[in-house]
Amino acid sequence: MSGVSLRNVTKRYGNVTVIPDLSLDIAEGEFVVFVGPSGCGKSTTLRMIAGLEKVTSGRIDIAGRDVTWARPKERDIAMVFQSYALYPHMNVARNMSFALRLAGRPKDEIAERVRIAADMLELTPYLERKPKDLSGGQRQRVAMGRSIVRDAYVFLFDEPLSNLDAKLRSSMRTELALLHKKLDRTMVYVTHDQIEAMTMADRIVIMKDGLIQQVGSPKDVYNTPVNTFVATFMGSPSMNLLPADLSDEGGDVFATGAGFKLPLPDRLQEAARNSARKGITLGMRPEHFSAEARAPHFSAVDLHVKVAEYIGSSQYLAADLGGQAVTAAVEVGPESDLMTDGTFFFDTSRLYLFDRKTGDAF
Ligand SMILES: Nc1ncnc2c1ncn2[C@@H]1O[C@H](COP(=O)(O)OP(=O)(O)OP(=O)(O)O)[C@@H](O)[C@H]1O
Ligand SMILES: [Mg+2]
């Protein structure tokens, strides 16, 4: 199969197992983002795809070819790292063409490829400048340009935006997504930032302790997280997890806990009814709280608001719900003052249930 495929890949350093057993198929042209907390094995996996790190066992195919033991330059890959070093004495054009010149490509071809890459990255006006005369974002684009000129089969990115400020990161996210459209190449991108993953990925791979927790589109992983780890990792602010009991009242199942009694949505009713587990973990995303009841399935909850933060179109509330700390993100109008204690509403169609012991979703 084309694209990138990892089959039962493992990685051990001495007796430390970093990747216990990882299998994944990445389709040709797909933009896949690996996301997970620090130390979960994202960079290790990417470096094994690149051939910068040897696998302990398993197999890696790129473009239908077994490259498990191939050297990096035999893999048709281009890689962009978090800490890129541009050559300070070379101008942008020469920085971008460095690899091509090293490979001894013809002059005309080099000029043409640099022209195309510079155009794509909007660097054309800066080709004669030295790196010190560029902004951070322009430098980052030059670093991208150095790999794009090579027109590899797979582009590998390891946290390429983490040195940039928030505003630049957000505009580079958009540019990268556009670049993926223009280049139409397979891209594998590593980040610990769930927003980067959500905004850019065709599919997100969420990792923890070297193990894939879930693979899915941004919509999938946000709407149907497989466990509490994914549920709390994806989405900002994080999903609230509360201990609750299930109670069947004449066929209608409710989740009850200190300070709340919420009807479960239709999609969870049957699983909840059939469940022998009384004690569960209830998941409530902050953004599904509201200051007003907007539909019949909005249920009232009393929040004791400790801190209200003004975000703009919404307020983040650090609150107490029946003795449990919860975060609520409540939309507000332009005239709203900071929220105080009171009755709020929760969209019960967006509730989640998890096994209290295993954390697996219902
Ligand atoms: N040479 C090594 N010897 C032993 N352990 C290593 C070695 N290199 C990496 N590790 C371990 O492998 C694990 C995964 O590291 P990796 O760099 O892949 O994490 P990561 O997910 O990229 O994290 P981060 O977000 O911090 O970059 C870490 O626990 C790390 O300590
Ligand atoms: Mg890393």
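Analysis parameters
- Residues numbered from 1 in each chain as written.
- Chains lettered and ligands numbered in written order.
- Predicted model: local features only at pLDDT ≥ 70, side-chain atom pairs only at ≥ 80, totals over all residues.
- Axes fitted to C-alpha atoms, helices over the stretch in contact; angles between N-to-C directions.
- Helix = DSSP H or I, 4+ residues; strand = E, 2+ residues; numbered from the N terminus.
- Left-handed = near helix turned anticlockwise from the far one by under 90°.
- Contact = placed C-beta atoms within 7 Å.
- Nonpolar A, V, L, I, M, F, W, Y, C, P; charged D, E, K, R; others polar.
- Pairing = 2+ DSSP bridges.
- Near = placed C-beta within 6 Å.
- Buried ≥ 20, exposed ≤ 12 C-beta atoms within 10 Å, placed from the backbone.
- Domains from an automatic or database assignment.
- Parallel < 35°, antiparallel > 145°, perpendicular 65-115°, else oblique.

## Examining the packing of helix 2 (residues 92-102) against helix 4 (residues 136-148)
Taken N-terminus to C-terminus, the directions of helix 2 and helix 4 make an angle of 35 degrees; their axes are 7 Å apart at the nearest point. For the crossing formed where helix 2 meets helix 4, the hand is right-handed. On helix 4, the residues touching Val-92, Asn-95, Met-96, Phe-98 and Ala-99 of helix 2 are Val-142, Gly-145 and Arg-146. In the contact of helix 2 with helix 4, the residues fall into five nonpolar, two polar and one charged.

## Thoughts on the sheet that holds strand 14 (residues 279-284)
Judged by pairing direction, the sheet is antiparallel, and its five strands sit side by side in the order 13-12-11-14-20 without closing on themselves. Both outer strands of the open sheet, strand 13 (260-263) and strand 20 (352-355), are each paired with one neighbouring strand and no more. Adjacent strand axes in the sheet meet at a mean angle of 40 degrees when their direction is disregarded. Of the strand pairs in this sheet, strand 12 (residues 252-257) and strand 13 are connected by four bridges, and their pairing is antiparallel. Bridge pairing in strand 13 links Phe-254 to Pro-263.

## Re the site of ligand 1
Taken together, Tyr-13, Val-16, Val-18, Gly-36, Ser-38, Gly-39, Cys-40, Gly-41, Lys-42, Ser-43, Thr-44 and His-192 are the residues near ligand 1. Secondary structure elements with two or more residues in the shell around ligand 1: strand 2 (16-26) and helix 1 (42-50). Here the shell around ligand 1 takes three residues from helix 1, the largest share from any one element. Class assignment for the residues of the shell around ligand 1 results in four nonpolar, seven polar and one charged.

## Quick notes on unusual backbone geometry
Each neighbour pair has its own omega, and for Ser-236 with Pro-237 the value is -5 degrees, a cis peptide bond. Of note, Pro-237 is situated in the loop between helix 8 (228-233) and strand 11 (240-249). Even without glycine at this site, Glu-122 takes up a positive phi of about 55 degrees. Tracing the backbone through its elements, the reader meets Glu-122 in the loop between helix 3 (107-120) and helix 4. Phi at Asp-184 takes a positive value of approximately 55 degrees, unusual for a residue other than glycine. If you trace the backbone, Asp-184 turns up in the loop between helix 5 (166-183) and strand 8 (186-191). For Asp-184, a count of 9 C-beta atoms within 10 Å translates into the label exposed.

## Considering helix 2
Turning to helix 2, its buried residues number three or more, namely Val-92, Ala-93, Asn-95, Met-96, Ser-97 and Leu-100. Structurally, helix 2 contributes buried residues whose contacts are with helix 3 and helix 4. Count one or two residues on from helix 2 and you reach Gly-104, which has phi positive near 70 degrees.

## A word on the domain arrangement of the chain
Here the chain is described as being made up of domain 1 (4-233) and domain 2 (240-355). For the side of domain 1 that touches domain 2, a count of residues per class yields one nonpolar, three polar and no charged.

## A word on the packing of helix 2 against helix 3
Think of two packed helices as two axes; the pair is described by the angle between the axes and how far apart they sit. Packing of helix 2 against helix 3 leaves a shortest axis separation of 10 Å and a crossing angle of 130 degrees. Viewed along their axes, helix 2 and helix 3 adopt a mutual orientation that is oblique. In this structure, helix 2 crosses over helix 3, and the sense of that crossing is right-handed. Facing helix 2, whose interface residues are Ala-93, Met-96, Ser-97, Leu-100 and Arg-101, helix 3 presents Ile-110, Arg-113, Val-114, Ala-117 and Ala-118. A per-class count over the contact of helix 2 with helix 3 returns seven nonpolar, one polar and two charged.

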